[in-house]
Amino acid sequence: MKHPIHLNALRAFEASARHQSFSAAAEELNVTPAAVGQLVRTLEEWLDTPLFHRMKSGKVRLILTEAAEKGLPDIQAGFDRLAFGLERLKESTVSGILTVAVSPAFAAKWLLPRLNRFQERCPDTDVRLDTSLKPVDFAVQGIDVGVRYGRGDWPGLTSEKLMEEEVYPVCSPAFLQQHNGFNHPNDLLHETFIHDLSLDTFTGFPTWREWLHRAGVTQKPTAHSIQINNSAAVLQSTMDGRGIALARSVMVRDDLTAGRLIRLFPNIQFNSPLAYYVVYRPELTELSKMKAFKHWLFSEIEKSGEL
């Protein structure tokens, strides 16, 4: 069967449905609201059915009709496949731009110090980092691969466990010397604890209270605490001697090796129930540059013994 191709009209419809507004869709598509409205009307005329209930007032001006609600998921999936097809057309080897989504802290404390080795292995691939504390939509944002922290279950994404980690208290060498060392976990109760608020959204991440309980401490801390919503900033404050942080072994490994931080009570082990996963859309499984990056990640971890 031959059907008229209304690709621009479909794009206008999809964007309008997502934003519930012709104006917002027009801003995304870089055209006028009138042009978006006309494209949608053209599609409605061809289909001989309305796609939106147009509201004259209120915050939401466009409401999908029943027919539009049924067709929208397949249209959105179709645009995702088109984007993937274009990516395939652009790719012949592992060359091109690889977009990688990671948290700001993981980028700063683990990925960036090692990234030159990937670029040496794949000199024709440029890496574009997308750093955010919030999960992003891989299809909408054009993300090829990412590293996420959690339990390994993210809808619409394939995940492979990358590495696990411990949590333990750390402080700066100067801080440790100033306090003449700590002989027992109870000695920490009068010190300033630095809390990482960026981990509050991760259900199950060990807290200071849980670590102290594991260490056999029953009393509550008596000093003031510092609360920071960035893991890298938590470690920097600790290196500056502001207090003691409950560190994640993956994030703190290089700082421990370099002597910028000291692990306290190494005989007390506390494994996090969460882990790092490499994640990607299932349709990109065979994308050469993504596969090359994924293999490099695992080789780095195996080499460092972090598996």
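Just so you know, the residues in each chain are numbered from 1, in the order the chain's sequence is written. At least 70 in pLDDT is required for a residue's local features to be given in this predicted model, at least 80 for side-chain atom pairs to be given and counted, and no such filter applies to totals for whole chains, interfaces and linings, which use all residues. Side-chain measures were taken over the full set of non-hydrogen atoms in the model, leaving aside hydrogen atoms and water.

1. A short note on the overall build of the protein
Part 1 of the argument: Helix and strand assignments come from DSSP, with helices taken as H or I runs of at least 4 residues and strands as E runs of at least 2, each series counted from the N terminus. Within the protein, the secondary structure is distributed over 12 helices and 12 strands.
Part 2 of the argument: A compact globule built from 307 residues should have a C-alpha radius of gyration of about 19 Å, whereas the protein, at 25 Å, is more than 25% larger.
Part 3 of the argument: For the C-alpha atoms alone, the extent of the protein along its principal axes is close to 80 × 50 × 30 Å.
Part 4 of the argument: Exposed residues in this analysis have more than 50% of their type's maximum accessible area, buried residues have under 20%, and partly exposed residues fall in between, with area computed by a 1.4 Å probe over protein chains only. Within the protein, the fraction of its 307 residues that count as buried is 42%.
Part 5 of the argument: In what follows, a contact means two residues having at least one pair of non-hydrogen atoms within 4.5 Å. Sequence separation of 24 or more characterises 78% of the internal contacts of the protein that already satisfy a separation of 6 or more. Computation of the radius of gyration draws on C-alpha atoms alone. For the globule rule, the value is 2.2 Å times the number of residues to the power 0.38.

2. Notes on the sheet that holds strand 12 (residues 275–280)
Part 1 of the argument: With respect to topology, 5 strands assemble into an open sheet ordered 4-3-5-12-6, the strand pairing being mixed. Each edge of the open sheet carries a strand with a single partner, namely strand 4 (125–131) and strand 6 (158–163). Averaged over all pairs of adjacent strands, the angle between strand axes in this sheet comes to 25°, irrespective of strand direction.
Part 2 of the argument: Note that strand 5 (residues 145–150) and strand 12 share 5 bridges and pair antiparallel. By the bridge assignment for strand 12, Val 147 is matched with Val 278.
Part 3 of the argument: Its contacts with the sheet put helix 12 (residues 288–304) on strand 3 (96–102), strand 4, strand 5, strand 6 and strand 12, and the angle it makes with strand 6 is roughly 25°. Paired strands are those between which DSSP finds at least two bridges. Comment: axis = line fitted to C-alpha atoms, over the contacting stretch for helices; angle = value between 0 and 180 degrees taken between N-to-C directions.

3. Digging into the sheet that holds strand 10 (residues 244–248)
Part 1 of the argument: Strand order in the open sheet formed by 5 strands is 9-8-10-7-11, with mixed pairing between adjacent strands. Bordering the open sheet on either side are strand 9 (225–228) and strand 11 (262–263), each of which pairs with just one other strand.
Part 2 of the argument: Inspection of the sheet shows strand 8 (residues 193–196) paired to strand 10 by 2 bridges, in the parallel sense. The residue bridging Ile 194 from the neighbouring strand is Ala 245, located in strand 10.
Part 3 of the argument: Against the sheet, helix 11 (residues 249–257) contacts strand 7 (167–171), strand 10 and strand 11, and its axis sits at roughly 110° relative to strand 10.

4. Quick look at empty space enclosed by the protein
Part 1 of the argument: Note on definitions: the grid is 1 Å and covers protein atoms alone; a cavity is a set of points where a 1.4 Å probe fits but cannot get out; a pocket is an open set with protein on both sides within 12 Å along at least five of seven lines; lining residues have an atom within 4 Å of a point. Grid points are joined across faces, edges and corners, and a volume is the space filled by probe spheres set on the points. Inspection of the entire model under this criterion finds 1 cavity of 30 Å³ or more.
Part 2 of the argument: Here the largest cavity is characterised by a volume of approximately 70 Å³.
Part 3 of the argument: The set of elements that each furnish at least two residues to the lining of the largest cavity consists of helix 10 (231–239) and strand 10.

5. Brief notes about the packing of aromatic side chains
How two aromatic rings sit relative to each other is given by the distance of their centres and the angle of their planes.
Part 1 of the argument: Pairing of aromatic side chains requires ring centres within 6.5 Å, counting the rings of Phe and Tyr and the six-membered ring of Trp. Pairs whose planes differ by under 30 degrees are stacked, by over 60 edge-to-face, and all others tilted. Counted by the stated rule, this structure contains 14 aromatic pairs.
Part 2 of the argument: Both rings, one in Phe 118 and one in Phe 293, keep their centres 5.1 Å apart while their planes meet at 85°; by these two values the pair is edge-to-face. On the criterion of sequence distance, the pair formed by Phe 118 in helix 6 (residues 115–121) and Phe 293 in helix 12 is long-range, its members being 175 residues apart.
Part 3 of the argument: By relative accessible area, Phe 118 is classed as buried at 0%.
Part 4 of the argument: Note on Phe 293: relative accessible area 1%, which makes it buried.

6. Re unusual backbone geometry
Part 1 of the argument: Phi is positive for Asn 30, close to 65°, though the residue is something other than glycine.
Part 2 of the argument: Take Asn 30: it is sitting in the loop between helix 2 (22–29) and helix 3 (33–47).
Part 3 of the argument: A positive phi angle is found at Asp 48, which is not glycine, with a value near 60°.
Part 4 of the argument: With respect to the element layout, Asp 48 can be found in the loop between helix 3 and strand 1 (52–54).
Part 5 of the argument: The exposed category is assigned to Asp 48, whose relative accessible area is 69%.

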